[in-house]
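Take a look at the letters that make up each chain.
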Amino acid sequence: MAAAQLDRETQSSLCAEFLNFSAKDTAARWLEASDLQQEVYQHLAAYVPRILCVGPGGGGGGGGGGSREEQREELACQLLLLAPLEWLLLGEEPAPGLALLQESNQPSPLCGHVFKVGEPTYSCRECAADPTCVLCMQCFLGSAHKEHRYRMTTSGGGGFCDCGDAEAWKKSPYCQKHTPAASRGDSEADPVSQLPADLVGRAYSIFSIMLKYCVDLLTWDQPDQLPAGLEPPDRADTYYCMLFNDEVHTYEQVIYTLQKAVNCSQKEAVSFATTVDRDGRKSVRFGDFQFCEQAKSIIVRNTSRQSKPLRVEVMHSSVVAHQCFALKALSWLAQIIQYSDGLRRILCQVGLEAGPEGDDSSLVNRLMINDSKMWKGARNIYHQLLMNSLLMDLRYKQMFAVQFAKARMLMVQEDLMKTIIRTFVDHLRHRDLQGRFQFDRYTAQQAFKFGRVQSLIGDLKYILISRPSEWSDQLRLKFLDGLDAFLELLKCMQGMDPVVRQVGQHIEMEPEWEAAFTLQMKLTHIISMVQDWCCSDERVLIEAYRKCLSALSQCHGGLPDGEQPISLGLAGHSVDTFRYQVSQDKVSIHLPVCRLLAGLHVLLSRTEVASRFPEQLPLGELSPPLLIELPLRCLVLCAQVHAGMWRRNGFSLINQIYYYHNVKCRVEMFDKDVSMLQVGASMMDPNHFLMIVLSRFELFHIFSSADCRKRYREANKDLAQQNNTLIEEMLHLIIMVVGERYLPGVGQVEPCDEVRREIIHQLSIRPMAHSELVKALPENGNKETGLEPVIDSVASFRKPGVTGRGLYELRPEWNRHFNLYFHHYSRADQSKAEEAQRKLRRQNGEDTALPPPIPPSLSPLFGSLINLLQCDVLLAVEGAVLQWAMEPSGGGWTESMLQRVLHLVAMALLEEQQQLENIGASEDVTFSYSFKISRPGEAPSPTGSVLALLESLQNAPHLEVHKDMISWILKMVVKIRTTRERTTSSSAVSVSQAQGAEETVRDKDKAERKRKAEMARLRREKIMAQMSEMQKHFINENKELFQQSLEELEASTSTATATSDDSSSSEFTCTSQVCVGPRRVGGADSRQLVTCILCQEEQEVRGHGRAMVLAAFVQRSTVLSKNRRRGLPDPEHYNPLFMHPELSLGIHTASCGHIMHASCWQRYFEAVQLKERRRQQRLRGHNSYDVYNGEFLCPLCECLSNTVIPLLPHTHCPDRSVEHPTLEAWLESTSQQVAALHSSHRKQCEGAAEEAEPRAEPEPPEGFMVDFTPQNPFSSSIKEMVTTFSTSTYKVGLKLLPNEQDARVPVLVWATCAYTIQTIERLLVDEEKPLFGSLPCRQNDCLSSLTRFSSACWTAVPVTTTHTHFIKLLAALVPDSQVEESPCILDVDMFHLLVYAVLSYSSVHSLDQTGRRGIDSTHLHLLHLVTVAHLVQVLLSSTSAEVCMEQDGGGCGEEELSCQLYCTLRKHLGSALPEVTSGWQLQRCIRSGVLPFLRCAALFFHYLNSSAPPADLLVAGPAQWEALCSYLSLPSNLLQLYQSQHTVLEPLIHRWCSHPGVRQVLQGGGALVRFPRESNRLIELPEDYSVLINQASSFTCPRSGGDKSRAPTLCLVCGSLLCSQSYCCQTEVEGEDVGACTAHTFTCGAGLGLFLRVRESQVLFVAGKTKGCFYPPPYLDDYGETDQGLKRGNPLHLCVQRYQKIERLWRQHGIAEVIGHAQEANQTLVAIDWQHL
């Protein structure tokens, strides 16, 4: 009470102040004051606490509670606080003064537009200095970058547009709007000098005072005191309990705590939590100190159990008020400086001016140092001010950058690198005894801190992202200092997380490995950038190489010590090394120092520094065996893991090996290890290198034994398999060391050659999408892969269809560059690529050999690598493997091993050929592999030479696969010898002999291949002939069966297209094909045989047989709705008997077309229910279907279903003997029947009352037995199924529990029949398909079963119920005095009325026992009557604009009759209808308006009476109208119906028009639906996706005070933008809190929704509260791919075909089915809380 009283007093005193206050006078008083700051502070001290935060609503992040309160505060702040400042600054009226300043201002060329959350930003991939340089949409559209390759993303809010900043762009820094004018003159002129001197002085004073005031208060940490000079004159005991945001507690925890602490409702708690999250703080209680302190203690107590408590402070209201005003003052400063660049510069000077404490105490510095202590709302506002001031002034931007770096506790800008790295290393304190990082026992808090520390790496990356073009001595010195610090960091990583092989038992706990790899991934780009920097200056490179080598020596310090030295001898060579086994000792996968050295060594070669300054390099200090030691161990570890030797070490090691080879890490891990082996091998004797490799692979004993060629036979089979895998891996390693030359520096190639080779090998596996290729290539620091400049030269692009993605296919001419042992292939990739390449070669008629491609030349520094191929040790290994291959493998060798040896031989031969071709004289050729393989093996195993072994293997039957490759090698040997002989000018004879030998080999090969192909062809022909003979034999034996099935095919309605010449009897001509009335043709006497999908038993559909059912799905629908705003009806009191033409809510039935016995289905469904009950007991996840709502999956196709439709037999052919009355006679007899029914119902009602007064009852027509109970024509199982489907439709349609007694049950069945037919008809029109013959079987069967079922569902309800419905329905057309409240003709959908009337009449007809009256006549008369009513409806609802056009030409009969009918309507309605003179226009209006109704009627009667359609309706095209009218037994001039029955219809039309509702609707008092109703479409989407993002970025959450929505979501059905997935917009639906999208689906789509999440470019399908799925969006990039989540950032454009596909799904009611299939395929979708969207 006291607080409220205080509030009222404050407000009344303020009102008085308003009236007496003069801003002008106050400013004048201030101007004369000696101490301006004191005056301003006194004014603020007096007024701020009285204006702001004066009640429970205040104290938020920057504003108060209700909007009126906020407006009052804003007004008071402007008039009492800011206006005097503006007067003082300008010395005149603020508005004109500011306008004058703006007029004389020369705006900055910088755009500086600050991005809102979710706004689109654009970065040019070609011109941006780094990926953070972005443009806003307006600048981008007006810039040159629009034509370049650009990336589009959405902003997280807070950044600004870099247009006009020359430093941010390599070229084209300006858009059209911000291009500096040539007339600007001296652009360096100081803008302050353009302002009047007195204004400058005043601005300086005011900005100093106000900026200091703001900084003091935002960095203030005393909740109960204020800075000197701001204490309020009278201090009240009013406090706020202020809750602050943190990163630890969840929404749920905060909401629960607030409910307990401040005793508020959940909604209020949600509102508090949302504001805290958005603004960073919010007051949750207002009152005296004790009251607030109590709330604080509860909050702290409740949140301190699991983690640190929420931050809560009790703050005096005056402190909060001043802080709120400080934010308003900062915003005001940002606004004022927009008017003048001079004022902006003055504010910059004030902000960066050194304070009394020294250089680092400027106001801006203080803000930045206290940045982390501020709340989010304050941070946002001061960041905005910095962007509008310091960053918009180029001169001050640089000064600010230095201050910014200092504020981050770093030294002068040149030492940035060193300081960042030292800070980073200091924060990671966990080390082992060797000083390496240790992450294995990290607590959650340390892990969180580690995540935070990683942001420092981002700073480091930002510094190194653009390498210097010119180096100064100072820069060299500082960079090398930074490199020292960096090497210290790498030394801490060298050898971290070592592993030891587990033997005996499995590892108990998986060790921590992710932190080390996270660190490695974060540093990958940094390491690459450091190498880039080194590469750009020779002096730096040499010095860096020295430092790195010295660091590696320190790491190697303890390496060989204590190891046992050993000597190895093989093939006449020996080498000294030490004993070390990867399988027994410690080994680490992390070797960053070693790998950096490998990178720098390659750079020495690439920049040719090694050849130009060898004396400056410490190459003598290098010990090659030590260089290769660690990388070799790492590669052996990978080989042993592949061989299954480390199985007991668990998944952590497998994951490490995976990432070691993964594209994210491999550049600085695996690739560098291969490079280091190449470095070592190029500096060593190749034999020594290979012996060390064999030793580390633990294979030395196999190849060094005396009888190694007799195969080291291992008794243990597992061990033999391990050794085989290790030999394969070792051979693969040698192939890589010699063959991987596509690294500039190792081979003589360019960087683009490296990318090209990667692409070729990816596309050799299979055609790939652009995104797959990008993922397979490593990115640089700028997120570029180098793909685009190269891709078009090696691949051709294939555009996508309606599904799938655009794919790149390798051009055929690049296939010869394929290398089977490409080092980046995984084993799976390698086998896929091999298969694809062999298949391609077979298709081209080539042999299947896959020889290595011709390699590029090696750089001089690596030139000696090729000697590996011809060294003795390798020859010994090759010879041994070939010797083993002589006999079929009994586990002693593998085909992969042989394949690798053949590959190595082929590589050596290619090298020799290259040398011969390049050098010319064979004496100079140092590579003589062809000679060496001809020599027989030396002691101790004197066997045949490698060449002899190959020749003998060529025809070995067990090596058929390798035959082509061996042939290729032998041809190559012959070719090389020929070349050598030719160069030594030896006799021509030997040449011709060699050629002859070569030709013989080639001819033999060709002949063999030809013979095989011929045999295969003959075998194929023989098989085809046998199959053909068997088919003929089968048809002859089963002639009757084939004849019968052909007859059934012709009779079946779904394939009624068979109206060909052979069946063109008079009965099937177009004129006689009628589907309704006495002349209808029934094609229904054929038996209907169906098969149960569950028991496979075949059965005929009969009324008294076992029930057969069709799986079906019933759902509510708004697809045809013309009014989505009409609320959902109240299910208890809703009467569905008359459907409004708006069709605002319908019931749709669909089926997958699969048939079962009812008993089989019941057993299946019971099993599903039982399984669900068990699932709940086991606490499993949800299902994709809701069993308790009757849902199940079709047992065959797993299509979502929720009921079954019983199959009923076809309608019988019409009885030609019955009489067919005229319309007049029929109306009379029907009226008598209706009167008799009225009388009967009255008697039943009055039976209990027994009135004394007798009443004259009408005489029923002859033979019409009112009391007769018709016999049910169906068996008990069919009756049960009839009830099942009826109650399912009732349950779904009304969302009520099933109630068989409810009179609305049959009406809802008829409703779903009518609505489903209407949706199918619209679909056929929209897809331009013919009315008959084009529906898929499942839709055809569904409509057929549904219509026949609807005609029989009256048998399951009391007969009187259906009679009552018929009486009311007929009364809408033929007035009945005993029926009250018949609807107006404009409020009834005529097709629904026709269906309901026709289907309900069956029960009335069953009472007629004469057998003389046919039901077909009634159907025809009802159709005629409803058609005339629809004609009237169409004419009444046509607009005057439509019908008042004149058309020349003679009027035909139809036009005259149209005018006649219209005149009749005008006579009844007078001025409510406009006058019309054009009969042609009326006739056109009638035809187009009535056509959909006639099409629906044709479908209905076709399925009801099983009548074959005419040929004209089986094709889309002209002559539809006449065929349709004829089929429906209507005249093609519909108005003849009215004309011929004029006397009967005239009074009816009069009664229809005189209904009061007609005039009311025509005069605008109700919803008038015009015909034909247009098909609903999904909303139109813009072609460019960024337009959509831009629209969404300005969308604010409707519930959180103008805050930007985090996940704006667009409804594709109605176009509404919704605030999705947020607490703020949750509403209650059916007693449960749901998100905005879920709530919207119930009003817009009857529980079903299609949404586009704009910021994620993601389409969502939602059904009900618990189901949903993601669907590919209709926006594609230039490569035909979607970009869900906008991760790639390529420009997106609308793909019309994809959008049409989504629209078609929606119109076909296929959304629920898509969701069901998606959730079945992906169980994670089931677990998502869809109701919160």
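Scroll up a little and you will see the structure.
These remarks concern the structure in this document. Keep in mind it's a predicted model, so treat the numbers as computed, not measured.

**Looking at the overall build of the protein**
Part 1: If you tally the helices and strands in the protein, you get 60 helices and 25 strands.
Part 2: Evaluated residue by residue, the protein yields a buried proportion of 54% over its 1733 residues.
Part 3: Long-range contacts, defined here as pairs at least 24 residues apart, represent 76% of the contacts in the protein between residues at least 6 apart.
Part 4: When the accessible area of the protein is evaluated, it comes to approximately 76900 Å², of which 51% is carbon and sulfur surface.

**A few points about the packing of helix H19 (residues 473-493) against helix H20 (residues 514-535)**
Part 1: Running from N to C, H19 and H20 cross one another at 145°; their axes reach a closest spacing of 12 Å. Seen along the crossing, H19 lies across H20 with a hand that is left-handed. Along its contact with H19, which presents Leu-475, Phe-479, Leu-483, Phe-486, Leu-489, Leu-490 and Met-493, the element H20 presents Leu-519, Gln-520, Leu-523, Ile-526, Ile-527, Val-530, Trp-533 and Cys-534.
Part 2: Tallied by class, the residues present in the contact of H19 with H20 amount to 14 nonpolar, one polar and no charged.

**What about the packing of aromatic side chains?**
Part 1: Using the criterion set out here, one finds 33 aromatic pairs in the structure.
Part 2: Plain terms: the ring middles of Phe-21 and Tyr-47 are 5.9 Å apart, the flat faces sit at 70° to each other, and that makes the pair edge-to-face. Here the residue Phe-21 occupies a position in the loop between helix H1 (2-20) and helix H2 (23-32), and Tyr-47 occupies one in helix H3 (residues 36-51), the gap between them amounting to 26 residues.
Part 3: Given a relative accessible area of 18%, Phe-21 falls into the buried group.
Part 4: Tyr-47 gets classed as buried once you look at its relative accessible area, which sits at 11%.
Part 5: The structure contains a cluster of three or more aromatic residues connected by ring pairs, namely Trp-513, Phe-517, Tyr-658 and Tyr-659.
Part 6: Across from the ring centre of Phe-291, 4.0 Å away, lies the NZ or CZ of Arg-285, which sits over that ring.

**Here we look at the nonpolar core**
Part 1: Counting residues in hydrophobic clusters, the biggest one holds 214 residues, and the most contacted among them are Leu-1436, Leu-1494, Phe-1500, Phe-1501, Leu-1528, Tyr-1585 and Phe-1661.
Part 2: For Leu-1494, the residues in contact, after removing those within four places along its chain, are Thr-1427, Trp-1521, Leu-1524, Cys-1525, Leu-1528, Leu-1530 and Leu-1534.
Part 3: The next biggest cluster of nonpolar side chains, apart from the first, holds 194 residues, and it includes Leu-487, Met-676, Met-691 and Leu-777.

**As for the sheet that holds strand S13 (residues 1146-1157)**
Part 1: Read across the open sheet, the three strands follow the order S13-S12-S16; overall the sheet is antiparallel. Each of the sheet's edge strands pairs with one partner strand only, and the pair in question is S13 and strand S16 (1203-1206). Direction aside, the axes of adjacent strands within the sheet are offset by 40° on average.
Part 2: As defined by bridge partners, strand S12 (residues 1108-1117) adjoins S13 across nine bridges and the pair is classed as antiparallel. Its bridge partner lying in S13, Ser-1117 is registered against Gly-1146.
Part 3: The sheet contacts of helix H43 (residues 1276-1294) involve S12, S13 and S16, and relative to S16 the element is tilted by about 135°.
Part 4: Against the sheet, helix H44 (residues 1305-1326) engages S12 and S13, with an angle of about 95° to S13.

**Considerations on the side chain of Ser-155**
Part 1: Position of Ser-155 relative to the elements: it lies in the loop between strand S2 (150-154) and helix H7 (197-218).
Part 2: In this view, Ser-155 contacts Phe-115, Lys-116, Val-117, Gly-118, Glu-119 and Thr-121; residues no more than four positions away in its chain are not counted.

**Details of the sheet that holds strand S18 (residues 1617-1619)**
Part 1: The strand order S18-S17-S21-S22-S23 describes an open sheet built from five strands, whose pairing is antiparallel. Two strands lie at the open edges of the sheet, namely S18 and strand S23 (1667-1671), each paired on one side alone. Going from strand to strand, the sheet's axes swing by 30° on average, the running direction of each strand aside.
Part 2: Here strand S21 (residues 1648-1653) runs beside strand S22 (residues 1658-1663); their pairing, made up of six bridges, is antiparallel. Of the residues in S22, the one forming a bridge with Phe-1651 is Leu-1660.
Part 3: Sitting on the sheet, helix H56 (residues 1585-1593) is in contact with strand S17 (1608-1611), S18 and S21, with an inclination near 100° to S21.
Part 4: On top of the sheet, helix H57 (residues 1636-1644) reaches S17, S18, S21 and S22; it is set at about 135° to S21, its chief contact.

**Quick word on the environment of Asn-1533**
Part 1: Residue position: Asn-1533 is located in the loop between helix H52 (1520-1527) and helix H53 (1535-1540).
Part 2: On the basis of relative accessible area, Asn-1533 is assigned to the buried category, the value being 10%.
Part 3: The spacing of Asn-1533 and Trp-1521 is 12 residues in sequence and 9.7 Å in space, taken between C-alpha atoms.
Part 4: Each residue touching Asn-1533, except ones within four places of it in the same chain, is listed here: Gly-1453, Glu-1454 and Leu-1457.

**So, the pattern of salt bridges**
Part 1: Within the structure shown, the criterion is met by 46 salt bridges.
Part 2: Where Arg-766 meets Glu-772, a salt bridge forms, and the shortest distance between an N and an O atom there is 3.0 Å.
Part 3: Residue Arg-766 is classed as partly exposed on the basis of its relative accessible area of 38%.
Part 4: Note that Asp-1326 is salt-bridged to Arg-1707, the shortest N-O span being 3.2 Å. Taken together, the positions of Asp-1326 in helix H44 and Arg-1707 in helix H58 (residues 1696-1707) put the pair 381 residues apart, joining distant regions of the chain.
Part 5: We classify Arg-1707 as buried; its relative accessible area is 11%.
Part 6: Within the structure, one salt-bridge network assembled from shared partners comprises Asp-473, Arg-476, Asp-537 and Arg-539.

Conventions we followed
Residues numbered from 1 in each chain as written. Predicted model: local features only at pLDDT ≥ 70, side-chain atom pairs only at ≥ 80, totals over all residues. Heavy atoms only, no water. Helix = DSSP H or I, 4+ residues; strand = E, 2+ residues; numbered from the N terminus. Buried < 20%, exposed > 50% of the residue type's maximum accessible area, 1.4 Å probe, protein only. Contact = heavy atoms within 4.5 Å. Areas by Shrake-Rupley, 256 points an atom, 1.4 Å probe, with all protein chains shown as cover. Axes fitted to C-alpha atoms, helices over the stretch in contact; angles between N-to-C directions. Left-handed = near helix turned anticlockwise from the far one by under 90°. Nonpolar A, V, L, I, M, F, W, Y, C, P; charged D, E, K, R; others polar. Phe/Tyr/Trp six-rings, centres within 6.5 Å; stacked < 30°, edge-to-face > 60°. Lys NZ or Arg CZ within 6 Å of the ring centre and 35° of its normal. Core = buried A, V, L, I, M, F, W, Y, C linked by side-chain atoms within 4.5 Å. Pairing = 2+ DSSP bridges. Salt bridge = Lys/Arg side-chain N within 4 Å of Asp/Glu carboxyl O.

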